[in-house]
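The chain contents come next:
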Amino acid sequence: MSTRLVNLVIDAARPGVLADFWAALLGWHVAIEDDGEVDVRAPESDGWDLDLVFVPVPEPKEVKNRVHLDLASTTPGHQAELVARALELGGRRVDLGQGDVPWAVLADPEGNEFCVLEPRAQYADTGAVASIVVDAHSPEALAAFWARITGWPVRGREGDVLVGLRSPSGRGPWLEFLRNDDTKRVKNRVHLDVAPPAGEDHAAAVTEVVAAGAAPADLGGPALPWRVLTDPEGNEFCVLTPR
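Thresholds, definitions, all that
- What you see as residue numbers is a count from 1 along each chain, following the sequence as written.
- A pLDDT threshold of at least 70 governs which residues receive local features in this predicted model, and a stricter bar of 80 or more applies before side-chain atom pairs are shown or counted, although totals over entire chains, interfaces and linings include all residues.
- To obtain the side-chain values, all non-hydrogen atoms of the structure were included, while hydrogens and water were left out.
- DSSP bridges decide pairing: two strands pair if at least two such bridges lie between them.
- Runs of H or I in DSSP of at least four residues are treated as helices and runs of E of at least two as strands, each being numbered from the N terminus.
- Note on definitions: a residue-residue contact is assigned when non-hydrogen atoms from the two residues lie within 4.5 Å.
- Note on method: axes are straight lines fitted to C-alpha atoms, helices fitted across the in-contact stretch only, with angles between N-to-C directions ranging 0 to 180 degrees.
- Definitions used throughout: a 1 Å grid over protein atoms alone; a cavity as a set of points that fits a 1.4 Å probe which cannot get out; a pocket as an open set with protein on both sides within 12 Å along at least five of seven lines; a lining residue as one with an atom within 4 Å of a point.
- Grid points are joined across faces, edges and corners, and a volume is the space filled by probe spheres set on the points.
- As a working rule, the residues Ala, Val, Leu, Ile, Met, Phe, Trp, Tyr, Cys and Pro are called nonpolar, Asp, Glu, Lys and Arg charged, and the rest polar, with Gly in that last group.
- Residues grouped as a nonpolar core are buried Ala, Val, Leu, Ile, Met, Phe, Trp, Tyr and Cys residues, joined through side-chain atoms within 4.5 Å.
- Relative accessible area decides the class of each residue, using a 1.4 Å probe on protein chains only: under 20% of the type maximum gives buried, over 50% gives exposed, and in between gives partly exposed.
- As used throughout, the charge tally considers Lys and Arg to be positive and Asp and Glu to be negative, leaving His and the chain termini uncounted.
- One side-chain nitrogen of Lys or Arg within 4 Å of one carboxyl oxygen of Asp or Glu is enough to make a salt bridge.
- Two N or O atoms form a polar contact when they lie within 3.5 Å of each other; inside protein one atom must be a possible hydrogen donor and the other a possible acceptor, and for residues adjacent in sequence the pair counts only when both atoms belong to side chains.

A. Structural detail: the sheet that holds strand β15 (residues 227–230). Read across the sheet, eight strands follow the order β2-β3-β4-β1-β13-β16-β15-β14 without closing on themselves; strand pairing throughout is mixed. Only two strands of the sheet have a single neighbouring strand rather than two, namely β2 (29–34) and β14 (215–216). The pairing of β14 with β15 spans two bridges and is antiparallel. Residue pairing in the sheet places Pro216 in a bridge with Leu229 of β15. Its contacts with the sheet put helix α1 (residues 15–26) on β1 (4–12), β2, β3 (37–41) and β4 (51–56), and the angle it makes with β4 is roughly 160 degrees.

Structural data, given as structure tokens:
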């Protein structure tokens, strides 16, 4: 496949406010502010090739997100510092029925869930973000689809519960598919963008992605230069123009 991951997009009532929260929490910086869209970018040392992109939407958040971020920590003290910083910046603790676990479950100022993990060797070299986690009825099958359209190979498995992909560069976060039997009911507020390289044909890239198992998504609204599709479990994503 010619496409690659380029963005993690988060719907927001106030994109600037939410972008500032995440930039401050992760130690990243706001790179782009344009027509309500705000992009937050990692330092080169994090090895993260995707922007966090915050876009304005009128709809309120209704249900638990099916895509969330896990943040990495290096020591128990560092984990506690990250949790305290998130709370000071406007985040809050949330109870999703996780029980007594070693990680902290939080939500950002607009209710988007995320986790601050305890130190784990697997994430020692990821930078601030350990992983992008996607709920999946079939982690193996969904991971296979995303591996095909991103070029990220499978690098880890935990039985039939979790399958992890990692960039071929070995840098940046994991992309993990976690078993969850909840039914998807509304459009995801967090989604991934892929794009073909500069000079490639956009229509041909969309055709390839559909052949891999994606389906067109009709979300209404004006015609756009990118294509909105859904993966085999109905998660929306975009195939952007070449870049």
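B. Local environment of the environment of Val57. The residue Val57 is located in the loop between β4 and β5 (67–71) in this model. Residues Val57 and Pro15, spaced 42 residues apart in sequence, show a C-alpha to C-alpha distance of 9.0 Å. Apart from residues no more than four positions distant in its own chain, Val57 is found in contact with Asp11, Ala12, Ala13 and Arg189.

C. Spotlight on the layout of surface pockets. Its volume calculated, the second largest pocket comes out at about 580 Å³. What lines the second largest pocket is a set of 26 residues, and nearest its centre among them are His68, Trp103, Cys115, Val133 and Leu178. Counting only elements with at least two residues in the lining of the second largest pocket, the list comes to β5, β8 (113–116), β9 (129–136) and β12 (174–179). When grouped by side-chain class, the residues that make up the lining of the second largest pocket number 12 nonpolar, six polar and eight charged.

D. Up close: the nonpolar core. Within the largest apolar cluster, 55 residues are counted, with the highest numbers of intra-cluster contacts made by Trp22, Leu52, Trp146, Leu175 and Phe237. Top contributing element to this core by residue count: α1, with seven residues. The contacts of Trp22, once residues within four sequence positions are left out, are Leu52, Phe54, Leu69, Leu71, Asp108 and Phe114.

E. Structural detail: the side chain of Asp70. By the element assignment, Asp70 lies in strand β5. It turns out Asp70 is buried and unbridged, and the closest side chain with the opposite charge, Arg120, is 5.7 Å from it. Separated by 3.1 Å, the side chains of Asp70 and His68 make a polar contact. Apart from residues no more than four positions distant in its own chain, Asp70 is found in contact with Cys115, Leu117, Val129, Ala130, Ser131 and Val133.

F. Structural view of the pattern of salt bridges. Per the counting criterion, the structure on display carries 10 salt bridges. Between Asp11 and Lys187 there is a salt bridge, with the nearest N and O atoms lying 2.6 Å from each other. Of the two residues, Asp11 is situated in strand β1 and Lys187 in the loop between β12 and β13 (190–195); the sequence distance between them amounts to 176 residues. The salt bridge partner of Arg166 is Asp125, with a shortest N-O separation of 3.4 Å. Separated by 41 residues along the polypeptide, Arg166 in strand β11 (residues 162–166) and Asp125 in the loop between β8 and β9 bring together distant segments of the chain. For Asp125, a relative accessible area of 48% gives the class partly exposed.

G. The sheet that holds strand β6 (residues 92–93), seen in detail. Read from one edge of the open sheet, eight strands run β6-β7-β8-β5-β9-β12-β11-β10, paired in mixed fashion. Both edges of this open sheet fall to β6 and β10 (154–158), since each of them pairs with a single strand only. Strands β5, β8 and β9 of the sheet are contacted by α1, whose axis makes an angle of about 30 degrees with β5. Its contacts with the sheet place helix α3 (residues 139–150) against β9, β10, β11 and β12, and it is angled at close to 155 degrees to β12.

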